[in-house]
Amino acid sequence: MARATRAIINLHALRDNYQLAKSKAPNSRAYAVVKANAYGHGMVAAANALSAEADGFAVACVDEAIILRQAGILLPILILEGAMDEAECNTALELDLELVLHHEQQKQWLAKLPESALKVWVKVDSGMHRLGFSPQVVPALVSELRTLPVVGEIQLMSHFACADEPQNPFNQQQLATLNTLEPIKLNWSMSNSAAILTLPQSHGELIRPGIMLYGASPIQGQQGPDAGLQPVMTLQSEVIALHQLNPGDTVGYGQSFKVERPATLAVVAIGYGDGYPRSAGNGTPVLIKGQQFPIAGRVSMDMITVDVTGAEILLGDTVTLWGTGLSADIIADHCQTIAYELFCQVTPRVNRQYVGSPSPIK
Ligand SMILES: Cc1ncc(COP(=O)(O)O)c(C=O)c1O
């Protein structure tokens, strides 16, 4: 029998989460953010599953958009980091992509292109200081863009630095900064998942839901189900060995777990070579037969060890690392990270099994 390590991807849940995002911002369009292989879930599969209802997609770069177009996705695609060179501007025209413009040089590339109706989103730096133009220069920039033959519709976008902390006053400050551009009367887009859920005044013409589509919480200290989200990825493996240990025995690399009472240890076929984080220390829960058990000993490349003392656990029992029944947000807390990173780190070795799709998916 093959190694049982798998990520079950529930495409029904993905669609439901997209609908939840839409219901929070009923007057906005919503581009599903499917960059980074749909946060590790499989970009083409996710886009196919959403294509009947999504208004469009957002990816980080032109290469990701090419993959979507080659897979037959015809909906609008927004390139969040914009073009990296002149050739990518041409590709954007050929593939009918929407480009973020965050840098002077990108404008110069656009100036060389023939007449068209390229949709451009001018990125406004409303305070995050990652990408974008300062608001003061935006009105003149927009006027200049209007003179370029290639440019069609011009819209504004910006990004929150602290939307995962709804009470943080910086959110309002960023919105106020964007609002200084109200006089130029352009559509704008500002909301990531956290802002979709907690800052309705930020919804604008277009929302950009990412992590909420995948069922994890965008808000610090909360779990996906608290916001009505359903987990999409359930990461599973199985018990491949069981041992009886005595007080004083130690487990795994570095002897990081010491047995204090007679114990039963289950060995599970998943490790950091699959993307299960090595930072998951002693006590991080896994789910077996509906019950949580703590990791005991260091995560290794292909295996973890779990203290299942007192429970009827058998070889071959299914172990859930996160997903249905055990929120990835909980595991992320144990690892001092965020569910985004857990999802993105699941390696290609883990077989993605898609459920809830009407059509066979790559
Ligand atoms: C510009 C931009 N918009 C939207 C998103 C989606 O954010 P989230 O996954 O928090 O919803 C991201 C993700 O990093 C982003 O970079």
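Nothing here was measured: the structure is a model prediction, and the numbers come from that model.

Reading guide: rules and limits
- Residues numbered from 1 in each chain as written.
- Predicted model: local features only at pLDDT ≥ 70, side-chain atom pairs only at ≥ 80, totals over all residues.
- Helix = DSSP H or I, 4+ residues; strand = E, 2+ residues; numbered from the N terminus.
- Buried ≥ 20, exposed ≤ 12 C-beta atoms within 10 Å, placed from the backbone.
- Contact = placed C-beta atoms within 7 Å.
- Axes fitted to C-alpha atoms, helices over the stretch in contact; angles between N-to-C directions.
- Parallel < 35°, antiparallel > 145°, perpendicular 65-115°, else oblique.
- Left-handed = near helix turned anticlockwise from the far one by under 90°.
- Pairing = 2+ DSSP bridges.
- Domains from an automatic or database assignment.
- Nonpolar A, V, L, I, M, F, W, Y, C, P; charged D, E, K, R; others polar.
- Near = placed C-beta within 6 Å.
- Core = buried A, V, L, I, M, F, W, Y, C linked by C-beta atoms within 7 Å.
- Expected span 1.5 Å × (residues − 1).
- Right-handed = clockwise from strand over helix to strand, strands pointing away.

Visitor: Describe the overall build of the chain, naming the residues involved and giving the relevant values.
Guide: In terms of regular secondary structure, the chain is built from 11 helices and 18 strands. Expressed as lengths along the three principal axes of its C-alpha atoms, the size of the chain is roughly 80 × 45 × 35 Å. For the chain, the proportion of its 362 residues judged to be buried stands at 46%. The long-range share in the chain, meaning contacts at least 24 apart out of those at least 6 apart in sequence, stands at 63%.

Visitor: Give a description of the packing of helix H1 (residues 11-24) against helix H3 (residues 43-50) that names residues and reports values.
Guide: One can describe the packing of H1 onto H3 by two numbers: an axis separation of 9 Å at closest approach and a directional angle of 60°. Considering their axes alone, H1 and H3 lie oblique with respect to each other. Between H1 and H3 the crossing geometry is right-handed. Together, Leu11, Leu14, Arg15 and Tyr18 of H1 and Ala46, Ala49 and Leu50 of H3 make up the contact between the two elements.

Visitor: Would you mind going over the pairing of strand S13 (residues 263-268) in detail, with residue names and values included?
Guide: The two faces of the sheet receive side chains in turn, since in a regular strand these alternate between them. As paired elements, strand S10 (residues 233-245) and S13 share 6 bridges and run antiparallel to each other. In the sheet register, valine 239 faces S13, and the bridge partner there is valine 268. Summarising the sheet, S13 and strand S16 (residues 304-307) pair through 4 bridges and their orientation is antiparallel. In the sheet register, valine 268 faces S16, and the bridge partner there is isoleucine 304.

Visitor: Provide a residue-level description of the domain arrangement of the chain, including the pertinent values.
Guide: Here the domain parsing of the chain yields domain 1 (11-216) and domain 2 (233-355). The centre of domain 1, based on its C-alpha atoms, is set 37 Å off from the matching centre of domain 2. The interface is formed by 10 residues belonging to domain 1 together with 12 residues belonging to domain 2. At 3 residues, helix H2 (residues 35-40) tops the list of elements feeding residues into the side of domain 1 that touches domain 2. Of the residues that constitute the side of domain 1 that touches domain 2, the class distribution is 7 nonpolar, 3 polar and no charged.

Visitor: Lay out the site of the ligand in plain terms, naming residues and giving numbers.
Guide: Around the ligand, the neighbouring residues are Val33, Leu80, His159, Asn192, Ser193, Ala194, Arg208, Pro209, Gly210, Ile211, Met212 and Pro218. Class assignment for the residues of the shell around the ligand results in 7 nonpolar, 4 polar and 1 charged.

Visitor: Go over the nonpolar core with me, naming the residues and quoting the values.
Guide: With 109 residues, the main nonpolar core has Ala32, Phe57 and Ile79 as its most contacted residues. Ranked by residue count, the leading element in this core is H3, at 6 residues. Residues lining this core come from more than one domain, with at least three contributed by each of domain 1 (11-216) and domain 2 (233-355). In contact with phenylalanine 57, other than residues within four places in its own chain, are Tyr31, Ala32, Val34, Ala47, Leu68, Ile73, Leu75 and Ile77.

Visitor: Describe in detail the packing of H3 against helix H4 (residues 62-70), supporting the description with residues and values.
Guide: Where H3 contacts H4, the axes come no closer than 10 Å and their chain directions differ by 55°. Here H4 runs oblique to H3, going by the angle between their axes. The handedness of the crossing between H3 and H4 comes out as right-handed. Between H3 and H4, the contacting residues are Met43, Val44 and Ala47 on the first element and Glu64, Ile67 and Leu68 on the second.

Visitor: Account for the environment of glycine 221, with residues named and values stated.
Guide: Looking at the element boundaries, glycine 221 is found in the loop between strand S9 (206-207) and S10. The spacing of glycine 221 and glutamate 165 is 56 residues in sequence and 9.3 Å in space, taken between C-alpha atoms.

Visitor: Describe in detail H1, supporting the description with residues and values.
Guide: The first and last C-alpha atoms of H1 sit 20 Å apart over 14 residues, in line with the 20 Å expected at 1.5 Å per residue. Residues Leu11, Ala13, Leu14, Arg15, Asn17, Tyr18, Ala21 and Lys24 constitute the buried set of H1.

Visitor: Outline unusual backbone geometry, supporting the account with residue identities and numerical values.
Guide: A positive phi is found at tyrosine 39, a non-glycine position, where the angle reads about 50°. Topologically, tyrosine 39 is positioned in helix H2. Although it is not a glycine, lysine 289 sits at a positive phi angle of roughly 50°. Considering the arrangement of structural elements, one finds lysine 289 in the loop between strand S14 (285-288) and strand S15 (291-294).

Visitor: So what's going on with the environment of glycine 56? Residues and values would help.
Guide: Within the secondary structure layout, glycine 56 lies in strand S3 (residues 56-59). On a C-alpha basis, the gap between glycine 56 and serine 23 in space is 16 Å, while along the polypeptide they are 33 residues apart. The residues touching glycine 56, leaving out its near neighbours within four places in the chain, are Tyr31, Leu75, Pro76, Ile77 and Leu78.

Visitor: Run through the pairing of strand S7 (residues 151-157), naming residues and quoting values.
Guide: Two elements, strand S6 (residues 118-123) and S7, share 5 bridges in a ladder whose sense is parallel. The residue of S7 that forms the bridge with valine 120 is isoleucine 154. Of the crossover connections in this fold, the one passing from S6 over helix H7 (residues 138-146) to the parallel S7 is right-handed. Strand direction decides the pairing type here: S7 and strand S8 (residues 188-189), joined by 2 bridges, are parallel.

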